[in-house]
Amino acid sequence: MNGRTGVVRTAELRANGLTDWQIRKAVANGELAAIRQGWYAVPAADRSVVDAVRRGGVLSCVSALKWHGAWVPPDSRQHWRVPRYRLDSKSCHGYGASPPVDGAVDSVLAAFGCAARCLPDESLVVVADSIINKKLAELADLRGELSVAPVRVRELLGRCDRRAESGTETMARLRFQSRRIHLQIQVYIPGVGRVDLLIGDRLIIECDSVEHHTSRANYADDRRRDRRAVAKGYLVVRLTYEDVLFGWEDAMADILAIIHRGDHLASSLKT
Ligand SMILES: [Zn+2]
C-alpha cells in the first residue's frame, strides 16, 4: 500500500504475495478497484489521490502539500501533475525540469515546486512558512527547489519565518509588513506566554486557526491570557480565521485606528 493513500500498484500487490488470480478476485469482491492500468485502490482510499492517479498523474501542488500536513489556503480545486508530454491546462507543473511521475503523491519538495507556479505570492509564503514550521522540509531545500524559478518568486522565500504557527498568522504578518508596520513575532510576555504578533510596544495580535477555537481548553486558556495581558497594560486583538481570510479590510481598519491614536505605544505598560 502506498503510504496512507489507499492506492497501490500491481507490482506492490504481487510483492506482498498476491497472485494475479487473487487480485482479480479482490476486484470482483469490491475489496480493490482498478483505477488505471497497473493501479488499484481500496474502498477507503483518499479520493483526491485516486482522481490524480486515474487521470494518469500524481497528486501534487497545493493538494499534495495539504495531504502531507502543510497548512494551505482554502481551495476547492484538486491539483495534480502529469508527465510533460501529457500536460494540459488543468494540470499543474513547476519551473524547470519535472520530476518523474512515478508515484501516487508528490514529495513535499516536488509539490512545492508546482505550488510556486500555482499560488499567489502571499499564499506561497504562507505555505512555505507552514512547511518549515512543521519540519516537512528545510527552507534551504525550498530554495533549492526554486533554483530555476524567476527571481521574483525566489525572493518571496526571503519573507518566510519558521516561527509562524498558523497560516492566518503569516497572512496577518505579511499584510502588516507590507504597510511597514513594525512588529515582532512570537514574543514571550512574562505571565502571559508567547503571543503571535506584537505591534509597537503593547498591541498584541493573536491569530486563531480554524482548529484552534474548537477546543474548550483553548477557549478558556485564551481568555485567561487576554485578561492577564490587559492587566499588564497590553491591548489584545484576537483575529479569527474568518477575519483574516474573508474580512481583512474591516479588521485592518480597526487595527489602524488603534495605531493612528498611538495606543500601540508604551505609555501605560506595566512590566
Ligand atoms: Zn496547482
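Keep in mind the model is a prediction, meaning the values are calculated, not measured.

At a minimum axis distance of 12 Å, the contact between helix H9 (residues 167-178) and helix H12 (residues 248-260) shows a crossing angle of 55°. For the element pair H9 / H12, the angle class is oblique. Where H9 crosses over H12, the handedness of that crossing is right-handed. Only Trp248, Met252 and Ile255 of H12 make contact with H9, whose side of the interface consists of Ala172, Arg175 and Phe176. Per-class residue counts for the contact of H9 with H12 are 5 nonpolar, no polar and 1 charged.

What follows deals with the pattern of salt bridges. Evaluated as defined, the whole model comprises 17 salt bridges. Salt-bridge contacts for Glu206 lead to Arg225; the nearest nitrogen and oxygen are separated by 2.5 Å. Here the residue Glu206 occupies a position in strand S8 (residues 203-207), and Arg225 occupies one in helix H10 (residues 216-231), the gap between them amounting to 19 residues. As a salt-bridge pair, Arg238 and Asp208 come within 3.2 Å of each other at their nearest N and O atoms. Taken together, the residues span a long stretch of sequence, with Arg238 in strand S9 (residues 235-239) and Asp208 in the loop between S8 and H10 at a distance of 30 residues. Residue classification places Asp208 among the buried residues on the basis of a relative accessible area of 7%.

Side chains that are nonpolar tend, in soluble globular proteins, to be buried together. Membership of the largest hydrophobic core comes to 45 residues, with the highest contact counts inside it found for Val7, Leu65, Phe112 and Ile131. Of all the elements in the fold, those that place two or more residues in this core are strand S3 (39-41), helix H3 (47-54), helix H4 (61-68), helix H5 (108-118), helix H6 (121-133), helix H7 (139-145) and helix H8 (151-156). Setting aside anything within four residues of it in sequence, one finds Phe112 in contact with Leu65, Leu124, Val127, Ala128, Ile131, Leu142, Leu146 and Leu157. Counting residues in each nonpolar core, the second largest holds 24 residues, with Ile181, Leu203, Ala251 and Ile258 among its members.

The final tally for this structure, using the stated rule, is 3 aromatic pairs. Ring centres of Tyr241 and Phe246 lie 6.4 Å apart, and the angle between their planes is 75°; on these two criteria the pair is classed as edge-to-face. Taken together through their ring pairs, the aromatic side chains of Trp71, Tyr241 and Phe246 make up a single cluster. The aromatic ring of Trp80 is capped on one face by Arg55, whose charged end is 3.8 Å from the ring centroid. The side chain of Arg175 reaches across the aromatic face of Trp248, ending 5.0 Å from its centre.

It is worth spelling out H3 at this point. The complete set of buried residues in H3 reads Ser48, Val49, Val50, Ala52 and Val53. Contact partners of the buried residues in H3: strand S1 (7-9), strand S2 (33-36), S3, strand S4 (58-59), H4 and strand S5 (80-81). At the C-terminal side of H3, Gly56 shows a positive phi close to 85°.

A separate point is the environment of Val237. Structurally, Val237 can be placed in strand S9. Separated by 32 residues in sequence, Val237 and Ile205 place their C-alpha atoms 5.0 Å apart. Beyond its immediate stretch of four places on either side in the chain, Val237 contacts Leu203, Ile204, Ile205, Glu206, Ile255 and Ile258.

Another aspect to go through is the sheet that holds S8. The strand order across the open sheet formed by 4 strands is S6-S7-S8-S9, and the pairing between neighbours is mixed. Looking at which strands have only one partner, the edges of the open sheet turn out to be strand S6 (183-189) and S9. Here the average twist between neighbouring strands, direction ignored, is 40°. For S8 and S9, the ladder comprises 5 bridges, and the chain directions are parallel. Following the sheet pairing, Cys207 is matched in S9 by Leu239. Its contacts with the sheet place H12 against strand S7 (193-199), S8 and S9, and it is angled at close to 170° to S9.

An order of S1-S3-S2 is seen for the 3 strands of this open sheet, with the pairing classed as antiparallel. One side of each edge strand has no neighbouring strand; the edge strands of this open sheet are S1 and S2. Between one strand axis and the next, the sheet turns through 40° on average, direction left out of account. The sheet contact formed by S1 and S3 spans 3 bridges and is antiparallel. Counted as the bridge partner of Val8 is Tyr40 from S3.

In this section: the domain arrangement of the protein. Domain boundaries in the protein define domain 1 (46-159) and domain 2 (167-260). For domain 1 versus domain 2, the distance between C-alpha centres works out to 29 Å. Across the contact, 8 residues belong to domain 1 and 9 residues belong to domain 2. In total, domain 1 and domain 2 occlude about 850 Å² of area from one another, counting both sides; carbon and sulfur atoms represent 61% of this. Looking only at domain 1, the three residues that lose the most surface to domain 2 are Trp71, Glu122 and Arg159, adding up to 58% of its buried area. If you look at where domain 1 meets domain 2, you find 2 salt bridges. In this structure, Asp129 and Arg173 form a salt bridge, with 2.9 Å as the shortest nitrogen-oxygen distance. Between domain 1 and domain 2 we count 4 residue pairs in polar contact (both at pLDDT 80 or more) in total. Tallied by class, residues from the side of domain 1 that touches domain 2 come to 5 nonpolar, no polar and 3 charged.

Cut-off values and rules
- Residues numbered from 1 in each chain as written.
- Predicted model: local features only at pLDDT ≥ 70, side-chain atom pairs only at ≥ 80, totals over all residues.
- Heavy atoms only, no water.
- Axes fitted to C-alpha atoms, helices over the stretch in contact; angles between N-to-C directions.
- Helix = DSSP H or I, 4+ residues; strand = E, 2+ residues; numbered from the N terminus.
- Parallel < 35°, antiparallel > 145°, perpendicular 65-115°, else oblique.
- Left-handed = near helix turned anticlockwise from the far one by under 90°.
- Contact = heavy atoms within 4.5 Å.
- Nonpolar A, V, L, I, M, F, W, Y, C, P; charged D, E, K, R; others polar.
- Salt bridge = Lys/Arg side-chain N within 4 Å of Asp/Glu carboxyl O.
- Buried < 20%, exposed > 50% of the residue type's maximum accessible area, 1.4 Å probe, protein only.
- Core = buried A, V, L, I, M, F, W, Y, C linked by side-chain atoms within 4.5 Å.
- Phe/Tyr/Trp six-rings, centres within 6.5 Å; stacked < 30°, edge-to-face > 60°.
- Lys NZ or Arg CZ within 6 Å of the ring centre and 35° of its normal.
- Pairing = 2+ DSSP bridges.
- Domains from an automatic or database assignment.
- Buried area = accessible area lost by both parts, 1.4 Å probe.
- Polar contact = N/O pair within 3.5 Å; in protein donor to acceptor, adjacent residues only side chain to side chain.

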